[in-house]
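Secondary and tertiary structure notes
Residues per chain are reported as follows:
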Amino acid sequence: MAEKYVYSFGPGGTDGDASMRNTLGGKGANLAEMTKIGLPVPAGFTITTETCNYYYANDRKYPAELKAQVEKAMAQVEKEMGKKLGDDKNPLLVSCRSGARDSMPGMMDTVLNIGLNDKTVEVLAKASGNERFAWDSYRRFVQMYGDVVLGMKPEKKTDADPFEELLEKKKHAAGVHNDNELSVAQLKELVTEFKGAVKKQTGKDFPTDPMEQVYGAVGAVFSSWMNDRAIVYRRTYGIPHEWGTAVNVQAMVFGNLGDDCATGVALTRDGALGVPGYCGDYLINAQGEDVVAGIRTPLRIEETLAKQMPKAYDELNKIGTILENHYKDVQDIEFTVEKGKVWMLQTRNAKRTGFAAVRIAVDLVTEGKISEEEALTAKRIPADDLNQLLQPVFDLAGKKAAAGSFLTKGINAGPGAATGEIVFHADDAEKKWLANPNVELILVRRETTPEDLRGMKAAKGILTAFGGASSHAALVSRQMGKVCIVGAGELNIDYEKGTVTVGGKTLKEGEYLSIDGFTGEVFAGKVETKPSEVIQVLI
């Protein structure tokens, strides 16, 4: 009997479950589990971690059996979703995402909107009744596929991003600031210009065959298992290289079809401080990457979603309770609301700070979800995370004295206090730290990307102008125990000049900055710190 490399999930039949994370990866196992317990999950299939290991052991080639198994699984997705890949009447679009045994947020690659071409985009526009949505999805797809699959993503800080340059030029010419302000005609022009950039840089035309696009994306995701940031992350957190990653191919649902659509990332409890209550980030009329990439500062679920989408908010709360009771742990949930209907795209045990880990463990015991013995295991409170409770905090007298140096306030995403020299680029931060391991740095970015991981490790704190509590900067900072503030929207960061300006005050690279991860406050210069409350009590 041929080895099974592909496992399907969907209402019509699910092959795996949560116990199969070694084979299906964490994401694939949880997608199968959510489907089995009756939650709304778009149909899809998972290509196993064994396929990844075969891919690397055989000069990046696939097992002979894979093609037939993928075709069979794709046919099942088409049947369940009532759409067909590449169809000229009702085209199916799919996403392609990684999923290792242990969560590695943002370290590997994702491709959305696979299946779009010059024919299907017109059909999608007609079927959805929303021409702008169709062409915006196509524009996003060409850019993401070019970056991830065709290798056009900038590798150095001095490299230009051809897609971003074209996009900024188009917005400037149109006299608009945001992507969603571009007209349908301008989006059509962008798609043509993006394809021209692909041809110019790769020497090849952009692929139009949907199955070719699928296999290109699958190969890119497997290849991303061995990219630099993924290797650095695995070394940092003790994840074996031989585990490999699974790949999840799933029917697309859309949060960018209109104002009754949304996308977001929710936590069943706060990941920074452990406070109970459903919280997180969302954007109306957007796709998921807009939230996690941190390129836009999102809305807060706990503040406004109940008013904007009361039915969706109630359903998400119920789903969050079901998942937390099922997994006996805080869940990090990715969701999309399409025309008012909630779809679940992912759940996983949430990353949390040491502060949050202690409170959450105590609360789960009090609520009868776990035993005292379970609460004290390394899985719940890793020993290294307790170091975060010993981090210094700002002295109240020091903060009062620094009141005149207050610059701005953002979203507190990683608790603690940090003071250090401003550095704008991750590779510069790493170089400074390698030259002097005692150097104190604050990495200041418009937003962080997975490529910034080395610099984030070197910095004492991270400050971003955009993004929310579910952005890459916030998520990785929580796991690392770094002081972090995101979404400080008043910051005007000029990478070329090496300056950050806010409220008429300009600071240069190398000058000191202080950030309070408990309150979200940002100060120019140094603010005096004092030992943590734990140290004060013990000593």
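For the structure given in this document, a descriptive report is provided here. All of these numbers come straight from a predicted model, not from anything done at the bench.

Judged from the four bridges that link them, strand β21 (residues 499–502) and strand β22 (residues 505–508) form a sheet pairing that is antiparallel. Of the residues in β22, the one forming a bridge with V502 is K505. Between β21 and β22, which pair antiparallel in sequence order, lie two residues; one of them, G503, sits at a positive phi of approximately 55°.

With that out of the way, let us pick up the sheet that holds strand β23 (residues 512–516). Strand order in the open sheet made by the eight strands is β14-β24-β23-β16-β17-β18-β19-β15, with mixed pairing throughout. For this open sheet the edge positions go to β14 (406–409) and β15 (411–414), each flanked by a neighbour on one side alone. Going across the sheet, the axis of each strand differs from the next one's by a mean of 30°, ignoring polarity. In this fold helix α16 (residues 426–435) packs onto β16 (417–423) and β17 (441–445), with an angle of close to 105° to the strand it touches most, β16. Packed on one face of the sheet, helix α18 (residues 472–480) meets β15, β18 (461–464) and β19 (483–486) and runs near 165° to β19.

The subject of this paragraph is the nonpolar core. Residues F45, I47 and M104 are the most contacted members of the largest nonpolar core, which totals 86 residues. It is helix α5 (residues 131–148) that contributes the most residues to this core, nine residues altogether. Setting aside anything within four residues of it in sequence, one finds F45 in contact with V6, Y7, S8, F9, V70, A73, M74, V77, V247, N248 and V249. Residues L39, L305, Y313 and M344 belong to the second largest nonpolar core, which totals 24 residues.

A positive phi is found at D59, a non-glycine position, where the angle reads about 55°. Accessibility expressed as a relative area gives 60% for D59, which makes it exposed. Phi angles above zero are rare outside glycine, and K328 is one such case at about 60°. Secondary-structure assignment places K328 in the loop between α12 (310–327) and β11 (331–338). When its relative accessible area of 38% is taken as the criterion, K328 is described as partly exposed.

On to the packing of aromatic side chains, then. Considering all chains together, one arrives at 15 aromatic pairs under this definition. Residues F163 and F194 carry aromatic rings whose centres are separated by 5.0 Å and whose planes lie at 70° to one another, so their mutual orientation is edge-to-face. A residue pair is termed long-range when its members are at least 10 positions apart, and F163 in helix α6 (residues 162–174) and F194 in helix α7 (residues 184–202) qualify at 31 residues. Neither residue differs from the other here; F163 and F194 are each classed as buried. Judged by centre distance (6.5 Å) and plane angle (70°), the ring pair of F424 and Y495 falls under edge-to-face. Highlighted residues: F424 in the loop between β16 and α16 and Y495 in the loop between β20 (492–494) and β21, separated in sequence by 71 residues. No difference in accessibility class separates F424 from Y495, as the two residues are buried. Members of the aromatic cluster, connected to one another through ring pairs, are Y55, Y56, Y62, Y215 and F222.

Conventions we followed
- Throughout this description, residue numbers start from 1 for each chain and increase along the sequence as written.
- In keeping with the predicted nature of the model, local features appear solely for residues at pLDDT of at least 70, side-chain atom pairs appear and are counted solely at 80 or more, and the whole-chain, interface and lining totals rest on all residues.
- Side-chain numbers here rest on the full set of heavy atoms in the structure, without hydrogens or water.
- Two strands qualify as a pair provided that DSSP identifies no fewer than 2 bridges between them.
- Strands are runs of DSSP state E lasting at least two residues, helices are runs of H or I lasting at least four, and both sets are numbered from the N terminus onward.
- Axes here mean lines fitted to C-alpha atoms, for a helix over just the part in contact, with angles spanning 0 to 180 degrees between N-to-C directions.
- Contacts: residue pairs with any heavy atoms within 4.5 Å of one another.
- Among buried residues, the Ala, Val, Leu, Ile, Met, Phe, Trp, Tyr and Cys ones that are joined through side-chain atoms within 4.5 Å form a nonpolar core.
- Relative accessibility decides the category of a residue: with a 1.4 Å probe and only protein chains considered, values under 20% of the type maximum give buried, values over 50% give exposed, and everything between is partly exposed.
- Aromatic rings from Phe, Tyr and Trp, with only the six-membered ring used for Trp, were paired whenever their centres fell within 6.5 Å, and each pair was classed as stacked if the ring planes differed by under 30 degrees, edge-to-face if by over 60, and tilted otherwise.

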